[in-house]
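# Residue-level structural notes
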Amino acid sequence: MSKFVRKKATGDEIEKRIVIIDPDKCKPNSAAYAYLKRHSKACNKGGCIQVEKKTVVVSEHACPTCVNRAKQCPGDAVSVVKLPSNLETDTTHRYGPNSFKIHGLPHPRPGCVLGLLGTNGIGKSTALKILSGTLKPNLGNFVTPAEWQDIVTYYRGSDLQNYFTRVLENQLKVAVKPQLDAAFQRRLRGKKVKDMIKSRDERNKMNEICASLDLTHLLERDVGKLSGGELQRFVVACTLVKDADVYMFDEATSFLDVKQRLQVTEAIRALCDKTMWEGGEEDAMSKYVVVVEHDLAILDYMSDFVQCLYGCPGAYGVVTKRSNVRNGINQFLAGYIEQENMRFRNHALTFKVAATDFFVNDDVAGELEDGKQAAATEGKLGTIRYPAMSKTYSTVAKGENVPDSKPGTSFTLNIEAGDFRDGEVIALMGENGCGKTTFMELLAGNTKDQRGKESTIGTNANNVSSDTANPSLASLGVSYKTQNNNPKHRKFEGTVRDLLEETINSSLCDRLFRLLVVRALQVEELEDLKVSSLSGGEMQRLAITICLGTPASVYLIDEPSAGLDCEQRVIAAKVMKRWIVNHMGKTCFLVEHDFVMATAMADRVIVYEGTPGVECTATAPRSVNEGFNNFLKRLDVTFRRDPINFRPRINKKNSRKDQEQKEKGCYFLFDDDGEDD
């Protein structure tokens, strides 16, 4: 009989706590290492804390005295995490002593798309590695790992029994779309997009998939020179052209705009479409598709079922049972898994937004003419107008002769005259290549012309007087979080605390700032880490903190959701709006492709029209209702709000509700009490 038996845990059998050691904070010659080594011989029982050469181990069955000593380890190198008492199954996999472990696994169903929802560091990538066969689960025993036959027996009676049986017999071919990083692109430098996709085209659908993902014009491009969004679509295409039994996509929509996210979603869902396979419905119903996605609107639209993961990031993760998409996402946002009677968060996440319109009073509107407009009493700016502007970038190398009629040799951004006032967030909505970042650079005064002595942004605008040669907002006080964050921060040699003290030391003395921003974004946990060692999501939270901590009248924030998980995105949106609008009463210009995050923050919207990469126009700010409807009409997609937590949901194409909203011209429904069929 196998020693690996799947059973329900009782109060006596389950581990009540797990001790996690951060190896980066507990290296030899560190204060934490010296502390633990000193106390390793202090216990009469012995073995509670063991330090041998470079290895430090704290027993999870240690005596209370040693546990308290471990908690007091300098630099928070050791954390003791309490485990929930209602885990239904034993551990699926554990990396080692004082390391992360995962309970349960996703249960993919053939012919359906299974979505995985959870925070960063909770075990989603570990689950994908196990399902792909690259990581054999040890069922919690990392000393004598389980064999595949034991694993199959362990999951007897569930969908995973047949799945792992086919893995054991090499009957499943797996195609995995990994997360993107800088090293991934460096390995592909010098290789053409066309050659890379063609070498993987086992379905003979290269041209069709490239057209659906808008990659046709990039086929002759070097992979190493692709932008973030282009690289993402390229990797998705390389996965889709393979003839596999299991398709896995780990964050397939990062760096993409709303239109491109919908294109990727349709392409992934087509894997379960019988018309896309030679064998018809039989082939389609045999394909497993698993996706990890942090954009809740896209995850909702893409998935047939959802499984959530909760726990303590870096310590343990628990996979919930499979449920329908709406209930699964709503329970995750509520922080309560009803099926398991488990509350893993003490507050619910909601997206209720008041769609208020307001009209500018011309009598009191200020004109941004000389950049020296006086502020109102108590630092209030009132209503500020900015003039019509235009900016042209040439995409032709210097000295190269290209006919003026050739498209794509230059890009022109036209900006309609507009206005903004204190206490509002203006969202910029448009596709990639429309000039959203260019607009932000113009407002910040960061363009080459603005930094020089020549006439700048508005030289082509007929309604700009000679006094408006530099109509940026720099003189009003601007705090700008750039799209890729500040490269100087990444090169900073000190710790996070050193960087915060160097950049926003005055704000750190504000008790409200530390409470509403630093603690809410969990930056306090990063203060002892080297800035160069931070992950993408940690760097993003640090950049947002520095931006909010910089005193300014106008805050320019470009793609703050990049690198953040679904929960962190909601929290970041609430933090930014609460601090900028509610607390300080200032103005924020926001560029964001996550529609859920944009709707949670926006008070007005600037919509981009035109041809990306050629010529686009940024309209004047308009109401949320008008702006979202105009933007979604261009994409031919309708949204509704969930009646429970008010999160935006995409209507299925040509469904009853989709057709009804299009007939009424209401592409974004603010109040909804019905379900999409």
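This section reports on the structure supplied with the text. (Residues numbered from 1 in each chain as written. Predicted model: local features only at pLDDT ≥ 70, side-chain atom pairs only at ≥ 80, totals over all residues. Heavy atoms only, no water.)

## A look at unusual backbone geometry
Definition in use: The helix and strand labels rest on DSSP assignments: H or I over at least four residues marks a helix, E over at least two residues marks a strand, and numbering proceeds from the N terminus. Any residue under 20% of the maximum accessible area for its type is buried, any over 50% is exposed, and the rest in between are partly exposed; the area is computed with a 1.4 Å probe on protein chains only.
One non-glycine residue, Leu139, adopts positive backbone phi at about 55°. In this fold, Leu139 is placed in the loop between helix H3 (124–132) and helix H4 (148–154). You will see that Asn170, though not glycine, has its phi angle at about 55°, which is positive. With respect to the secondary-structure elements, Asn170 resides in the loop between helix H5 (159–168) and strand E8 (174–177). We classify Asn170 as exposed; its relative accessible area is 70%.

## Regarding empty space enclosed by the protein
Operational definition: Cavities and pockets are found on a 1 Å grid laid over the protein atoms alone: a cavity is a set of points where a 1.4 Å probe fits but cannot escape, a pocket is an open set with protein on both sides within 12 Å along at least five of seven lines, and a lining residue has an atom within 4 Å of such a point. Grid points are joined across faces, edges and corners, and a volume is the space filled by probe spheres set on the points. Basically, the charged four are Asp, Glu, Lys and Arg, the nonpolar ten are Ala, Val, Leu, Ile, Met, Phe, Trp, Tyr, Cys and Pro, and anything else, Gly included, counts as polar.
Scanning all chains against the criterion turns up four cavities of 30 Å³ or more. The space that makes up the largest cavity amounts to roughly 60 Å³. For the largest cavity, the lining is made up of 11 residues, of which Arg569, Val570, Asp594, Val596 and Met597 are closest to its centre. The set of elements that each furnish at least two residues to the lining of the largest cavity consists of helix H20 (566–583) and helix H21 (595–601). Tallying contributions element by element places H20 first for the lining of the largest cavity, with four residues. Residue composition of the lining of the largest cavity, grouped by class: eight nonpolar, one polar and two charged.

## Considering helix H10 (residues 258–269)
Filter applied, for reference: In this analysis, the expected span of each helix is defined as 1.5 Å times one less than the number of residues it contains. Pairing of N or O atoms within 3.5 Å defines a polar contact, subject to two protein rules: one partner must be a possible hydrogen donor and the other a possible acceptor, and residues neighboring in sequence count only if both atoms are side-chain atoms.
With 12 residues, H10 should reach 16 Å at 1.5 Å per residue; the first-to-last C-alpha distance of 17 Å fits that figure. Buried residues of H10: Val258, Gln260, Arg261, Leu262, Val264, Thr265, Ala267 and Ile268, and no others. The opening residue of H10 is Asp257, an N-cap whose side-chain oxygen sits 3.1 Å from the backbone nitrogen of Lys259.

## Quick look at the nonpolar core
What counts is decided by this rule: Among buried residues, the Ala, Val, Leu, Ile, Met, Phe, Trp, Tyr and Cys ones that are joined through side-chain atoms within 4.5 Å form a nonpolar core. A contact between two residues is defined here by any heavy atoms of the two lying within 4.5 Å.
Ranked by size, the top nonpolar core spans 77 residues in total, and within it Leu117, Ile197, Leu213, Phe234, Phe249 and Leu632 carry the most contacts. Of all the elements, helix H9 (residues 228–240) adds the most residues to this core, at seven residues. Residues within four places of Ile197 in sequence aside, it is in contact with Met206, Cys210, Leu215, Phe234, Ala237, Cys238 and Val241. In this structure, Val517, Cys547, Val581 and Cys588 belong to the second largest nonpolar core, which totals 39 residues.

## Re helix H13 (residues 325–334)
Across the 10 residues that make up H13, a large majority, eight, are buried. When we look at burial in H13, the residues that qualify are Val325, Arg326, Gly328, Ile329, Asn330, Gln331, Phe332 and Leu333. Put simply, Asn324 is the residue that caps the front of H13, since its side-chain oxygen is 3.3 Å from the backbone nitrogen of Arg326. Backbone geometry just downstream of H13 places Gly335 in the positive-phi region, at approximately 75°.

## Describing the environment of Arg187
Tracing the backbone shows Arg187 in the loop between helix H6 (182–186) and helix H7 (193–200). Under the relative-accessibility criterion, Arg187 is labelled exposed at 56%. For the pair Arg187 and Val223, spaced 36 residues apart in the sequence, the C-alpha separation amounts to 9.5 Å.

## Looking at the pattern of salt bridges
Rules: Here, a salt bridge means any side-chain nitrogen of Lys or Arg that lies within 4 Å of a carboxyl oxygen of Asp or Glu.
Inspection of the entire model under this criterion finds 28 salt bridges. Residue Lys287 pairs with Asp243 through a salt bridge whose shortest N-O separation is 3.8 Å. Taken together, the residues Lys287 in the loop between helix H11 (281–284) and strand E10 (288–292) and Asp243 in the loop between H9 and strand E9 (246–250) connect sequence positions 44 residues apart. Overall, Asp243 belongs to the partly exposed group, its relative accessible area being 36%. For the salt bridge of Asp658 with Lys662, the shortest nitrogen-to-oxygen distance reads 3.3 Å. Placement of the pair is Asp658 and Lys662 together in helix H23 (residues 656–664), with a separation of four residues, close to one helical turn. Classification of Asp658 by relative accessible area gives buried; the value is 2%. With relative accessibility at 22%, the residue Lys662 sits in the partly exposed group. One network of salt bridges, in which partners are shared, links Arg497, Arg514, Arg519, Glu524, Glu527 and Asp528.

## A closer look at the packing of helix H18 (residues 511–518) against helix H19 (residues 536–549)
When two helices pack together, their arrangement is given by the angle between the helix axes and the distance between those axes. What counts is decided by this rule: Interaxial angles span 0 to 180 degrees and are taken between N-to-C directions of axes, which are lines fitted to C-alpha atoms, for helices over the stretch in contact. When the near helix sits turned anticlockwise from the far one by under a right angle, the crossing is termed left-handed; a clockwise turn instead gives a right-handed crossing.
Look at H18 against H19: their axes get within 11 Å of each other, and the N-to-C directions meet at 145°. Taken as a pair, H18 and H19 cross one another with a handedness that is right-handed. Mapping the contact onto sequence places Phe513, Val517 and Val518 in H18 and Thr545, Leu548 and Gly549 in H19. The residue inventory of the contact of H18 with H19, partitioned by class, reads four nonpolar, two polar and no charged.

## Comments concerning the side chain of Thr91
Along the polypeptide, Thr91 turns up in strand E5 (residues 91–94). On the basis of relative accessible area, Thr91 is assigned to the buried category, the value being 12%. Here Thr91 is in contact with Lys101, Ile102, His103, Leu139, Gly140 and Tyr154, once residues within four sequence places are set aside.

## With respect to the packing of H9 against H10
Operational definition: When an angle is under 35 degrees it counts as roughly parallel; over 145 it counts as roughly antiparallel; between 65 and 115 it counts as roughly perpendicular; any other value is oblique.
Interhelical geometry of H9 versus H10 gives an angle of 10° and a closest axis separation of 11 Å. In terms of their interaxial angle, H9 and H10 are classed as roughly parallel. Counted together, Arg233, Val236 and Leu240 of H9 and Gln260, Val264, Ala267 and Ile268 of H10 form the full contact between these two elements. Taken together, the residues of the contact of H9 with H10 sort by class into five nonpolar, one polar and one charged.

## Re the packing of aromatic side chains
For clarity, the cut-off: For Phe, Tyr and Trp, rings pair up if their centres lie within 6.5 Å, where Trp contributes its six-membered ring, and each pair is then called stacked (planes under 30 degrees apart), edge-to-face (over 60) or tilted (otherwise). Over a ring means this: the NZ of a Lys or the CZ of an Arg is within 6 Å of the ring centre and within 35 degrees of the ring normal.
Per the counting criterion, the structure on display carries 16 aromatic pairs. Look at Phe513 and Trp579: their rings are 5.3 Å apart centre to centre, the planes differ by 70°, and that puts the pair in the edge-to-face class. In this pair, Phe513 is assigned in helix H18 and Trp579 in helix H20, connecting sequence segments 66 residues apart. Neither Phe513 nor Trp579 differs from the other in exposure class; each is buried. Through successive ring pairs, a cluster of aromatic residues spans Trp148, Tyr154, Tyr155, Tyr163, Phe164 and Tyr288. Positioned over the ring face of Trp277 is Arg203, at 4.2 Å from the centre of the ring. In this structure, Arg322 is placed above the aromatic ring of Phe305, and the distance from its NZ or CZ to the ring centre is 5.7 Å.

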